[in-house]
Amino acid sequence: MTSDSDARALGAFLKARRAQLAPQDCGLPESDSVRKVTGLRREEVARLAAISVDYYTRLEQGRVRASAPVLSTLARALRLDDDQRRYLHELARRTDAQPRRRPAERLRPAMRRLLDQLTETPALVLGKRLDILAWNSAAAALYTDFAALPANRRNYLRLLFTDPEVRHLHREWAHDAREAVAALRMEAATDPDGPDLARLVGELSVRDADFRAWWAEHHVNSASYGTKHYRHRLVGDLTLDCDTWSSSDGSGQRLMILTAEADSPSHDALRILASWTTPQPTGERTGDTTP
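What counts, and where the lines are drawn
- Residues numbered from 1 in each chain as written.
- Predicted model: local features only at pLDDT ≥ 70, side-chain atom pairs only at ≥ 80, totals over all residues.
- Heavy atoms only, no water.
- Buried < 20%, exposed > 50% of the residue type's maximum accessible area, 1.4 Å probe, protein only.
- Helix = DSSP H or I, 4+ residues; strand = E, 2+ residues; numbered from the N terminus.
- Patch = residues over 30% accessible without salt bridge, like charges linked within 9 Å, V, L, I, M, F, W, Y side chains within 5 Å.
- Areas by Shrake-Rupley, 256 points an atom, 1.4 Å probe, with all protein chains shown as cover.
- Salt bridge = Lys/Arg side-chain N within 4 Å of Asp/Glu carboxyl O.
- Polar contact = N/O pair within 3.5 Å; in protein donor to acceptor, adjacent residues only side chain to side chain.
- Contact = heavy atoms within 4.5 Å.
- 1 Å grid on protein atoms, 1.4 Å probe; cavity = no way out; pocket = protein on both sides within 12 Å on 5 of 7 lines; lining within 4 Å.
- Points joined across faces, edges and corners; volume = space filled by probe spheres on them.
- Nonpolar A, V, L, I, M, F, W, Y, C, P; charged D, E, K, R; others polar.

**Q** Please give an account of helix α3 (residues 53-60) that cites residues and values.
**A** Taken together, the buried positions of α3 are occupied by Y55, Y56, T57, L59 and E60. Among the residues trailing α3, G62 stands out with phi positive, at a value near 75 degrees.

**Q** Explain a nonpolar patch on the surface to me, and be specific about the residues and the numbers.
**A** A contiguous nonpolar surface patch, about 320 Å² in accessible area, is contributed by L234, I272 and W276. With respect to the helices, strands and loops of the structure, L234 is situated in the loop between β3 (225-232) and β4 (236-246). Classification of L234 by relative accessible area gives partly exposed; the value is 47%.

**Q** Got a sec to walk through the side chain of E60? Specific residues and values, please.
**A** Mapped onto the elements of the fold, E60 is located in helix α3. A distance of 2.6 Å separates polar atoms of two side chains, one belonging to E60 and the other to Y56. Each residue touching E60, except ones within four places of it in the same chain, is listed here: G11, L14, K15, R18 and R42.

**Q** An account of the environment of R17 is needed here, citing residue identities and associated values.
**A** Structurally, the position occupied by R17 is in helix α1 (residues 4-19). Through-space distance from the C-alpha of R17 to that of H219 is 8.6 Å; in sequence the pair is 202 residues apart.

**Q** Quick one: what's the story with the pattern of salt bridges, residue by residue and with numbers?
**A** Going through the model one piece at a time under the given rule, you end up with 15 salt bridges. One salt bridge in this structure joins R41 and E44, with 3.4 Å as the shortest N-O distance. On the accessibility criterion, E44 (7% relative accessible area) is buried. R207 is the partner of E203 in a salt bridge, and the nearest nitrogen-oxygen pair spans 3.2 Å. Of this pair, E203 and R207 both sit in helix α11 (residues 195-207), 4 residues apart, which is roughly one turn of that helix. You can call E203 buried: its relative accessible area is 15%.

**Q** Just give me the short version of the layout of surface pockets, but keep the residues and values in it.
**A** Of the voids in this model, the second largest pocket is the one considered here, and its volume is about 390 Å³. Considering the residues around the second largest pocket, the lining is formed by 19 residues, among which A140, A141, Y143, H232 and R233 are closest to the centre. Secondary structure elements with two or more residues in the lining of the second largest pocket: α7 (137-142), α9 (164-169) and β3. Sorting elements by how many residues they give to the lining of the second largest pocket places α7 first, with 4 residues. A per-class count over the lining of the second largest pocket returns 9 nonpolar, 6 polar and 4 charged.

**Q** Lay out the environment of R63 in plain terms, naming residues and giving numbers.
**A** Looking at the secondary structure, you find R63 in the loop between α3 and α4 (68-77). Of the residues examined, R63 reaches a relative accessible area of 53% and is grouped as exposed. C-alpha of R63 to C-alpha of A7: the two residues are 56 residues apart in sequence and 7.2 Å apart in space. Here the side chain of R63 touches Q61 through a polar contact of 2.5 Å, side chain to side chain.

Okay, structure coming up:
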């Protein structure tokens, strides 16, 4: 039986995507008439996907379930990239899923060992919804004292939008924050009606207009590497490569590591931070996770 919330999420994504496209993007002729909608009209998407307008309208309204062939034609019609295609198919798959329990996330022992072995390299273990499950001393020195935060506030996205120091740390905050929103949107496809996700999105939507706008765009991103630019209050500017590795056990946990080129000023800055940090047991998120 189709899940109403998942079907609505699929419809919202289709609507957001067609709003981002102009007729000329899809090879449609331009018209001199005034367009009453931003982007493509429903009938234009239906024509490009070779389906009826009524059927496409019901898809956007969450009233019907799309078949695999229809999803493929819609992906082509809406010019979806690889991440967006995966997101679309995951949302469609979820419409058939039955409600399931959501067990508390536990740090995998292998992840803890990796953190313990990294001394001068900032590293975090991120769970679903970008919760910060664990960290090492170098990550705390770079970002913030995670141990001083309540367990239910340790969320990478929440800190980006609500913690002034973490926000100031990111020299390209708007870019980094928008990509983090896109990463959460990508992960949300597997559990779009989860209560923890709803609380996080609800909180940030109320508190920040940028988050509200970017979440509504339905931009998705599964990139596992990139470059981050920081402005640290003690060691100045750093340029670090950010790489994430996903656990192969299906837990959704990811190890995020920040490194600098050898003998670079950023590498020296990380060594200075490490020298000022008292070694301590690897941090781990514990306790209630309800915001």
